[in-house]
Amino acid sequence: MATSISDLPYIDEEYDLKTEYYVKGLEAFIRNAQTPMTIALQGEWGSGKTSLMTRLNRVLCHGENSDFIGITINTWEYSMLASPEETVYNILGKLVKDVSKNDSKAKNVFNRFLRGTGRFLYRGGRELLKAVPVAGTTLGFAIEAINVPTENPYITNKEEEASLSEVREALETAVNNRITKEAQKKGIIVFVDDLDRLNPPVAVEILELFKNVFTIENCIFILAIDYEVVVKGLEPKFGKLTNQNEREFRSFFDKIIQVPFSLPVNSYRPISFVVTSLNKIGYIQTKLTDEQQNLFEAVVKASVGNNPRSIKRLINTLSLLDCIAKEQVISNNSAHNYGTDIKLTGDNLILDKLLNFIVVAIQICYSRIYSLLVKKPNFTEWNREFASREGIDAAIDDEDADWKDILEAACTADKYLNLRHLDILKLFSMIIDIVSQSGGNINENINARLKDILDKAAVTGVSANVKVADFDKKAFIQKLYDNVGRRIRQLRPDIEDIKVKNNTGNGGFKFRDENNRGYDIRFIPSYEPDNTVTLTIEMSTKITRSEDMLNKALDDLLENNQLTNALSELDAKISPLLQKLSFFESKHSNDDLWFTSYSEELRYMHEKGFMSGDVTHDAVYRLKLQKASDFEDGRVVDAIADVVIANYDFRKTMSTYR
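Computed from a predicted model, the values in this text were never measured in an experiment. (Residues numbered from 1 in each chain as written. Predicted model: local features only at pLDDT ≥ 70, side-chain atom pairs only at ≥ 80, totals over all residues. Heavy atoms only, no water.)

### Notes on the confidence of the model for the protein
Mean pLDDT over the protein works out to 77, with 76% of the residues at or above the 70 mark. By mean pLDDT, the top-scoring element of the protein is helix H26 (residues 634-653) (92), and the lowest-scoring one is helix H7 (residues 139-145) (32). Low confidence marks residues 117-158, where pLDDT is under 50. Its contacts with residues over four positions away, or in another chain, come to 70 contacts. Low pLDDT, under 50, characterises residues 462-470; the stretch is placed with 20 contacts to residues that sit more than four places away or in other chains. (pLDDT = per-residue confidence, 0-100. Helix = DSSP H or I, 4+ residues; strand = E, 2+ residues; numbered from the N terminus. Contact = heavy atoms within 4.5 Å.)

### A word on the packing of helix H24 (residues 561-580) against H26
Direction vectors running N to C along H24 and H26 enclose 180°, while the axes themselves pass 9 Å from each other. Classified by the angle their axes make, H24 and H26 are roughly antiparallel. From H24, Gln562, Ala566, Leu567, Glu569, Leu570, Lys573, Ile574 and Leu577 reach across to H26, where they touch Ala639, Asp642, Val643, Ile645, Ala646, Asn647, Phe650 and Thr653. Classifying every residue of the contact of H24 with H26 by side-chain character gives 10 nonpolar, 3 polar and 3 charged. (Axes fitted to C-alpha atoms, helices over the stretch in contact; angles between N-to-C directions. Parallel < 35°, antiparallel > 145°, perpendicular 65-115°, else oblique. Nonpolar A, V, L, I, M, F, W, Y, C, P; charged D, E, K, R; others polar.)

### Re the pairing of strand E6 (residues 219-224)
Most of E6 sits out of view: 6 of its 6 residues are buried. Residues Cys219, Phe221 and Leu223 line one face of E6 and the alternating positions Ile220, Ile222 and Ala224 line the opposite face, and both faces are buried. Here 5 bridges tie strand E1 (residues 37-42) to E6, and the two strands are oriented parallel to one another. For leucine 41, the partnering residue across the bridge sits in E6 and is alanine 224. As paired strands, strand E5 (residues 187-193) and E6 are joined by 5 bridges and run parallel to one another. Residue pairing for E6: valine 192 is matched across the bridge by leucine 223. Viewed along the sheet, the connection from E5 through helix H9 (residues 200-213) into E6 turns out right-handed. (Buried < 20%, exposed > 50% of the residue type's maximum accessible area, 1.4 Å probe, protein only. Pairing = 2+ DSSP bridges. Right-handed = clockwise from strand over helix to strand, strands pointing away.)

### Some words on helix H1 (residues 20-31)
With 12 residues, H1 should cover 16 Å at 1.5 Å per step; its first-to-last C-alpha distance of 17 Å lies within 8% of that length. Here H1 has its buried residues at Glu20, Val23, Leu26, Glu27 and Ile30. The buried residues of H1 all sit within an arc of 135° when viewed along its axis, so they share a single face. Residues of H1 that are buried make contact with E1, helix H2 (49-61), strand E2 (68-74), E5, E6 and strand E7 (259-262). (Expected span 1.5 Å × (residues − 1). Arc of directions from axis to C-beta.)

### As for the nonpolar core
Core analysis: the biggest nonpolar cluster contains 61 residues, and Leu278, Ile369 and Phe428 have the highest contact counts within it. The element best represented in this core is helix H15 (residues 346-365), accounting for 12 residues. Excluding residues within four positions of it along the chain, isoleucine 369 makes contact with Leu407, Ala410, Cys411, Leu417, Ile424 and Phe428. Among the nonpolar cores identified, the runner-up in size contains 58 residues, and Tyr519, Val637, Ile640 and Val644 belong to it. (Core = buried A, V, L, I, M, F, W, Y, C linked by side-chain atoms within 4.5 Å.)

Below, the structure written as structure tokens:
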């Protein structure tokens, strides 16, 4: 059984994506077309241009009693490790050789042509290519830097120069000789692939040479190139495309291309291909009902769409993850939820497969949304706090915003996601429908089911900042409470009035001073884009100035022994952490500043005029570690306990300060 679907071009009707009449119509047109003729196959990358070319070549040029001689040239191959000019002339020379079948007269005439008119074309192309930007400069600069000569270096004979009409005549003669020698051939079809992979000005230069040299009888050119590529290639000549100059771009394209054929991607019906492929790789081993097939088709439409290459990538990704899951089952000798659970049968197994299908589709098509799922798999609990932490709260006004509001706001910030918002919403709704059928608590089930899938899918992500972390904020905070609380009781059994804050994902400790004033030390955990875990500790060390202190400098304030002693005790706890622990740092608004003590930071803020209304400020410290479990290390627990104790002692000392 195969484990993957090849990305090589397809020629079998099995993979025609239910658009057979388009293909057969194009075949019939080509068979009876008057020559010369140039046809452009247009479509985005992965839409099937090469597959269509391969099929046309097989049917029209290599089938039984075929009418044409087929020549294929992949322009991308001739651009590898070659300058732009070398690319143009290598391709041109290859075509002359293949079309004329090394006819000596045609070759001689073509060489003489390059001495005259060809030299002009060479220079013209050279000037055009100079305007192409590359790597912060232009090709013109690169051309001069590698000493590409103004004259074509391959022309050495001294024969009389040939005209363009002589070249065409020689090529026509060679073509006629060739097709008459090969019985019952109508002509030659030249398939030119991957023009849209070349730098657009290079592709345009090649198109112009095709038009000038190969407009000859009995020749049909089929080119894989989009109008958009032509537009980009003509920008050095016409400037940026506008309503005013659009006619110039269109006229150039129409002059080169007689028939544009856009691949009917919107008419593709890929579900048969999808189901066949899923069966081929063993992901689905039973016949799907019509309803189940419709569900898989809905996922495809809402994600990869009709692009064959994207569909293949989705299927291959699923296959890889399925292989991993099966090996885990074998290794653990137990069932697992990822699509291979031996306890799942029938419809439940198909729904489990469908759930994996949805999540991987989101990973491939909507990486930004996928990264949010990674951060918080239970998306039904997405709220404004989560949105704010992920930087997507600007568009959310409602304090009671739910997951649908968060999803819409995340999509609105991105042009592409905004266009696909309803598709993404549909995928998320399908997840809820699938998970709800298993009964129980829907939120807990979504979290458990998605986290299991996301853990596996991490190996197929292409974004460096997307990684599934074993990071449950509530559990993380509870673990801190247990470890830090225990350490505080060991170090300071005299402290009895420190209590933990309610665990809502953020947390901390709270206590009261001798005047019954309450203070909070806040813990804010977060999972960072670089896959680390950060704990921010916001201390409660701010003291507001009384009226008699308003105009006093810090040194004047430090004449008060109560403040001096309190700061000294605070620094005795904080300074060793800042100076000795690489994972512990001061979190200041200016990240370029590093302080070795609380007093040092306090003086800086006074000197900058930030403390006109306060004597001291709330200190903020940050611990950044590789994973959540690192916060259970003894040194880390001690550091956090020291911060809490230092804050407690500072407030106790300063409870009577005026």
